[in-house]
Amino acid sequence: MSTQIKIGNITIHRIVEQEGPFFEALKFFPTLSKELLDENRAWLQPKFFDRNDQLMLCIQSYLVETPHHKILIDTCVGNHKQRPTRPFWHLMDSDRYEKNLAATGFGIADIDFVMCTHLHTDHVGWNTRLENGRWVPTFPKARYVFADRELDFWTKRQKTDPAACPWVEDSVLPIVAANRADIVKSAHAFNDLVTLIPTPGHTIDHYSVQVGRPGADAVITGDMIHSPLQAHYPELGMMADYDSKLAGVSRRELFGRFCDTSTLMCTAHFPSPSTGRIVRWRDAFDVAAA
Ligand SMILES: [Zn+2]
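The structure displayed is predicted, hence computed values, not measured ones.

(A) Structural detail: the coordination of the zinc ion. Coordination sphere of the zinc ion, protein contribution only: D122 (OD), H123 (NE2), D223 (OD) and H269 (NE2), at 2.1 to 2.2 Å. Of note is the zinc ion, whose 4 donor atoms meet at the metal with angles of 83 to 166° in an arrangement that counts as irregular. Read from N- to C-terminus, the donor residues coordinating the zinc ion fall into the pattern D-H-x99-D-x45-H.

(B) Quick peek at the packing of helix α5 (residues 148-160) against helix α6 (residues 166-177). At their nearest, the axes of α5 and α6 sit 11 Å apart, and the two run at 125° to each other. In this view, α5 runs oblique relative to α6, as classed from their interaxial angle. The interaxial crossing formed by α5 with α6 has left-handed handedness. From α5, L151, W154, T155 and Q158 reach across to α6, where they touch W167, V168, E169, V172, L173 and V176. By residue class, the composition of the contact of α5 with α6 is 7 nonpolar, 2 polar and 1 charged.

(C) Up close: the nonpolar core. Membership of the largest hydrophobic core comes to 62 residues, with the highest contact counts inside it found for F29, F49 and F146. Dropping the residues within four chain positions of it, F49 is found in contact with A25, F29, L37, L44, Q54, L55, M56, S227 and L229. In this structure, Y62, I73, A218 and C266 belong to the second largest nonpolar core, which totals 24 residues.

(D) The arrangement of the sheet that holds strand β13 (residues 216-222) in detail. Pairing within the open sheet is mixed, and its 7 strands lie in the order β10-β11-β12-β13-β14-β15-β16. With one partner strand each, in any of the chains shown, β10 (189-191) and β16 (284-288) form the two edges of the open sheet. Sheet twist, expressed as the mean angle between neighbouring strand axes with direction ignored, is 30°. Inspection of the sheet shows strand β11 (residues 194-198) paired to strand β12 (residues 207-213) by 5 bridges, in the antiparallel sense. Within β12, the residue paired with L196 across the bridge is V209. The sheet contacts of helix α8 (residues 244-258) involve β11, β12, β13, β14 (264-267), β15 (275-281) and β16, and relative to β16 the element is tilted by about 65°.

(E) Inspection of unusual backbone geometry at higher detail. Cis geometry marks the peptide bond from Q45 to P46; its omega dihedral reads 0°. Considering the arrangement of structural elements, one finds P46 in the loop between α2 (34-44) and β3 (54-65). Along the chain, S272 connects to P273 via a cis peptide bond; the corresponding omega equals 10°. Along the chain, P273 turns up in the loop between β14 and β15. Despite not being glycine, N179 shows a phi value in the positive range, around 55°. When you line up the elements, N179 lands in the loop between α6 and β9 (181-184). Residue N179 is classed as exposed on the basis of its relative accessible area, which comes to 59%.

(F) Quick look at α2. Taken as a whole, α2 has its buried residues at L36, L37, N40 and L44. The arc that holds the buried residues of α2, viewed along the axis, is 90°, so those residues lie on one side. For α2, exposure combined with an orientation more than 90 degrees from the buried face picks out E35, E39 and A42.

(G) Just the pairing of β13, in detail. Most of β13 sits out of view: 6 of its 7 residues are buried. As paired strands, β12 and β13 are joined by 5 bridges and run antiparallel to one another. When the sheet's bridge partners are listed, R213 is paired in β13 with A216. Here β12 hands over to β13 after 2 residues, with G215 in that stretch at a positive phi of 90°. Two strands pair when backbone bridges link them, and β13 and β14 are joined in this way by 4 bridges, in the parallel orientation. Following the sheet pairing, A218 is matched in β14 by L264.

(H) Representation of the sheet that holds β3 within the structure. Taken in spatial order, the 7 strands of this open sheet run β1-β2-β3-β4-β5-β8-β9, and their pairing is mixed. The two strands at the open ends of the sheet, each matched to only one other strand, are β1 (3-7) and β9. On average, adjacent strands in this sheet sit at an angle of 25° to one another, irrespective of strand direction. Here 4 bridges tie strand β8 (residues 143-147) to β9, and the two strands are oriented parallel to one another. Opposite V145, over in β9, you have D182 as the bridge partner. The sheet strands contacting α5 are β8 and β9, and the helix crosses β8 at an angle near 85°. Against the sheet, α6 contacts β8 and β9, and its axis sits at roughly 115° relative to β8.

Parameters and conventions
- Residues numbered from 1 in each chain as written.
- Predicted model: local features only at pLDDT ≥ 70, side-chain atom pairs only at ≥ 80, totals over all residues.
- Heavy atoms only, no water.
- Donors = N, O, S within 2.8 Å, 3.2 Å for Na, K, Ca; no water.
- Tetrahedral: all angles 85-135°; square planar, octahedral: opposite > 155°, others 65-115°.
- Axes fitted to C-alpha atoms, helices over the stretch in contact; angles between N-to-C directions.
- Helix = DSSP H or I, 4+ residues; strand = E, 2+ residues; numbered from the N terminus.
- Parallel < 35°, antiparallel > 145°, perpendicular 65-115°, else oblique.
- Left-handed = near helix turned anticlockwise from the far one by under 90°.
- Contact = heavy atoms within 4.5 Å.
- Nonpolar A, V, L, I, M, F, W, Y, C, P; charged D, E, K, R; others polar.
- Core = buried A, V, L, I, M, F, W, Y, C linked by side-chain atoms within 4.5 Å.
- Buried < 20%, exposed > 50% of the residue type's maximum accessible area, 1.4 Å probe, protein only.
- Pairing = 2+ DSSP bridges.
- Arc of directions from axis to C-beta.

Okay, here's the thing in structure tokens:
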């Protein structure tokens, strides 16, 4: 399956690794009350929540094809990785990601840059692959773009508590060791078609990526939002947030900036098609079908 979105002279391809029910809503959103869930269930089910209030999530990369570069944004879970606390991601051995990448017409050797919006396990996995028992960069010519404070945070975390973040050792540090990391500020202007936007909170230095030109653009949001419920209630944090309050501020800022514009939001985890435009809803926002 290949899904592509054309915006001006840019083509965005979705590369899906997994899609289905993953986490219970009341655990995923620790401050979500049963009452608020009851109030919203009707519009969330069955597309965004299943019948058991599990979130329907997509795990995917976006491949942004500009006239100059092929940029892969986020790299999912990856194969053969030890993830004992996440059984559905533990030692995955699936050809779905590689097949869906091939369906775009591009292969691993075509990728110029890999951008990781943040360094969580489901955004860095295909950074590396196993070769003769060693983790090596999957994309042979790519530079990997990491935010400086994000990399610093996870490098330290890996040293103090490696079991809490096994993905750093197998999917992040090998990139740094291979001298393939471009360490940038999370507001880095990459070129005239690609700019990073700091959206901290979910992690310490999370960034989103704006691509295109004014009037013909898209924002690849990463994990600054996980569910349209967080557009209605921007202050609703999720369980893995570094700072949920700050994540709420980032959501209000970014959605306020793009509300009622043509800018397409390409979310990491909404179920397919995963995209939409931001519109006003009460004192907050909604993600309208594109
Ligand atoms: Zn994620």
